[in-house]
Amino acid sequence: MEIIGRKTLVLGAGKSGIASAKFLAERGAVVALHDKKPIENWSDEARSLKNEKVGLLDGQIPSWLLDQIDLVVISPGIPTNTIPARYVDRKDGEVIGEVELAYRFLKGRIVEITGSNGKTTTTTLIGEILKNAGIETQVGGNIGTPLLSLTEKATDATWTVAELSSFQLETIREFRPNVAVCTNVTPNHMDRYDFFSDYAAAKHRLFMNQTAEDVAILNADDETTAAWASGLRAHVVLFSVRKELDEGLFLRGRELVCRANGKEKILTTRDRMTLRGIHNIQNVLASLAAGLACGASPDSMRETVRNFKAVEHRLEFVADVRGVKFYNDSKATSVDATLKALEALSEDDGEIILILG
């Protein structure tokens, strides 16, 4: 991708926009960073980009500037139908997101995880599985570190494990993960999408550039993701907590089993896990499938799963005060996620008190 001298508009002065503007300016692009908020309300990091010859813009973008722009890099929180993006797109400019920009410079291989629930736990666990298997690994994306920030350290031997939201997937073009995981798709972000099908279609974009050399890992218990299996070019691996699969990973009693080519292997058991709840069994099965696809050994993965604790704010044990256990599940920002947390806690005897909001 040619960057030198390219006139670029970066929309959104958050983490993603800052990373994009800095990356492009360092490589010789002419960059303007825009946010609707007044510049005095931007972060110190965003305002400091002025020292790196990035133009800072707030409020309305003048049409004369849009006439000069041939590349727009749009942050995930900004809808793709925003006027500057549509304007540049219609005059044959390129409109991409930070993830697509990073992909064009990222060495090595990629594991990408999306889903309505469980994607952060799954992303973190896959990262630990690969690292503990002795595989050169870095973790980022929607989990906190912009993908662009990982391009400098990546080598041909690196596996980059990244969480992606539906917003980020809206702006991919050539992006192709070697291993792609979708944990589930349930109604979410319906203030952004007109219909649930639009939201699901954004998630489905994760698989659109995969080939037969790649692996797609899907939840067989989720009606939406299960329906995708027959239409993908990638090799599909299914996982389930409700039924035994002829091929794939599944829960049988207390055992987490992998069945492939007529053979099966018990990878671990629920008794060897610290994570709670059937939803976390799904997350672990997806993570184990990704680990196998990347070459991690079953013995190494078993040990990693045994030692893996809940990610912060996700059914995270906080304290036991006079026999009352407190759990922090503040990342359960949808009805479905809250129900799964309550189901997980209901496995214990005793009353559950929900502090909601």
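Below: a short report on this structure. (Residues numbered from 1 in each chain as written. Predicted model: local features only at pLDDT ≥ 70, side-chain atom pairs only at ≥ 80, totals over all residues. Heavy atoms only, no water.)

The subject of this paragraph is empty space enclosed by the protein. The final tally for this structure, using the stated rule, is one cavity of 30 Å³ or more. Each pocket or cavity is described by its volume, and for the largest cavity that value is around 50 Å³. The wall of the largest cavity is formed by Ser 16, Ile 74, Ser 75, Pro 76, Gly 97, Glu 98, Val 99, Phe 167, Gln 168 and Thr 171. At the level of elements, helix 5 (98–103) and helix 7 (166–169) are the ones that each hand at least two residues to the lining of the largest cavity. For the lining of the largest cavity, the per-class residue count stands at four nonpolar, five polar and one charged. (1 Å grid on protein atoms, 1.4 Å probe; cavity = no way out; pocket = protein on both sides within 12 Å on 5 of 7 lines; lining within 4 Å. Points joined across faces, edges and corners; volume = space filled by probe spheres on them. Helix = DSSP H or I, 4+ residues; strand = E, 2+ residues; numbered from the N terminus. Nonpolar A, V, L, I, M, F, W, Y, C, P; charged D, E, K, R; others polar.)

We now examine the packing of helix 6 (residues 119–132) against helix 11 (residues 298–307). When two helices pack together, their arrangement is captured by the angle between the axes and the distance separating the axes. Where helix 6 meets helix 11, the closest approach of the two axes is 9 Å, and the angle between their N-to-C directions is 135°. The orientation of helix 6 with respect to helix 11, classified from their angle, is oblique. Like other packed secondary-structure pairs, helix 6 and helix 11 cross with a definite hand, here right-handed. Between helix 6, through Leu 125, Glu 128, Ile 129 and Asn 132, and helix 11, the contact on the second element is made entirely by Ser 300, Met 301, Thr 304 and Val 305. Of the residues contributing to the contact of helix 6 with helix 11, the split by class is four nonpolar, three polar and one charged. (Axes fitted to C-alpha atoms, helices over the stretch in contact; angles between N-to-C directions. Parallel < 35°, antiparallel > 145°, perpendicular 65-115°, else oblique. Left-handed = near helix turned anticlockwise from the far one by under 90°. Contact = heavy atoms within 4.5 Å.)

Further remarks concern the layout of surface pockets. Approximately 830 Å³ is the volume found for the largest pocket. If you trace the largest pocket, you find 26 residues lining it, with Lys 325, Tyr 327, Leu 345, Ile 352 and Ile 353 closest to the centre. Elements with a minimum of two residues in the lining of the largest pocket: strand 16 (324–328) and helix 12 (335–345). With five residues, the single largest contributor to the lining of the largest pocket is strand 16. Broken down by class, the residue content of the lining of the largest pocket amounts to 13 nonpolar, seven polar and six charged. Its volume calculated, the second largest pocket comes out at about 650 Å³. Forming the boundary of the second largest pocket are 33 residues, of which Ser 116, Asn 117, Gly 118, Arg 314 and Lys 331 lie nearest the centre. Looking at the lining of the second largest pocket, the elements that each hand over two or more residues are helix 6, helix 10 (278–294) and helix 12. Of all the elements, helix 10 adds the most residues to the lining of the second largest pocket, at four residues. Here the residues of the lining of the second largest pocket sort into eight nonpolar, 18 polar and seven charged.

With that out of the way, let us pick up the pairing of strand 6 (residues 109–114). In terms of burial, strand 6 is largely enclosed, as five of its six residues are buried. Pairing of strand 6 with strand 8 (residues 159–163), which is carried by five bridges, proceeds in the parallel orientation. Considered in strand 8, the bridge of Arg 109 is made with Trp 159. As paired strands, strand 6 and strand 9 (residues 179–182) are joined by four bridges and run parallel to one another. Looking across to strand 9, one finds that Ile 113 is bridged to Val 181. (Buried < 20%, exposed > 50% of the residue type's maximum accessible area, 1.4 Å probe, protein only. Pairing = 2+ DSSP bridges.)

Scanning all chains against the criterion turns up 17 salt bridges. Linking Arg 176 and Glu 213 is a salt bridge whose minimum nitrogen-to-oxygen distance equals 3.6 Å. Within this pair, whereas Arg 176 is found in the loop between helix 7 and strand 9, its partner Glu 213 is found in the loop between helix 8 (196–204) and strand 10 (215–219), the two being separated by 37 residues in sequence. Accessibility expressed as a relative area gives 26% for Arg 176, which makes it partly exposed. Taking relative accessible area as the criterion, Glu 213 reaches 69% and is therefore assigned exposed. Put simply, Arg 6, Asp 70, Glu 94, Glu 100, Arg 104 and Glu 174 are held in one network by salt bridges that share partners. (Salt bridge = Lys/Arg side-chain N within 4 Å of Asp/Glu carboxyl O.)

Our next topic: the sheet that holds strand 3 (residues 55–58). Here we have five strands laid out as an open sheet, ordered 3-2-1-4-5, and parallel in their pairing. Two strands lie at the open edges of the sheet, namely strand 3 and strand 5 (94–97), each paired on one side alone. The sheet shows a mean angle of 25° between the axes of neighbouring strands, direction not considered. Across the sheet, helix 4 (residues 83–90) lies against strand 1 (7–11), strand 4 (71–74) and strand 5, angled at about 145° from strand 4, the strand it touches most.

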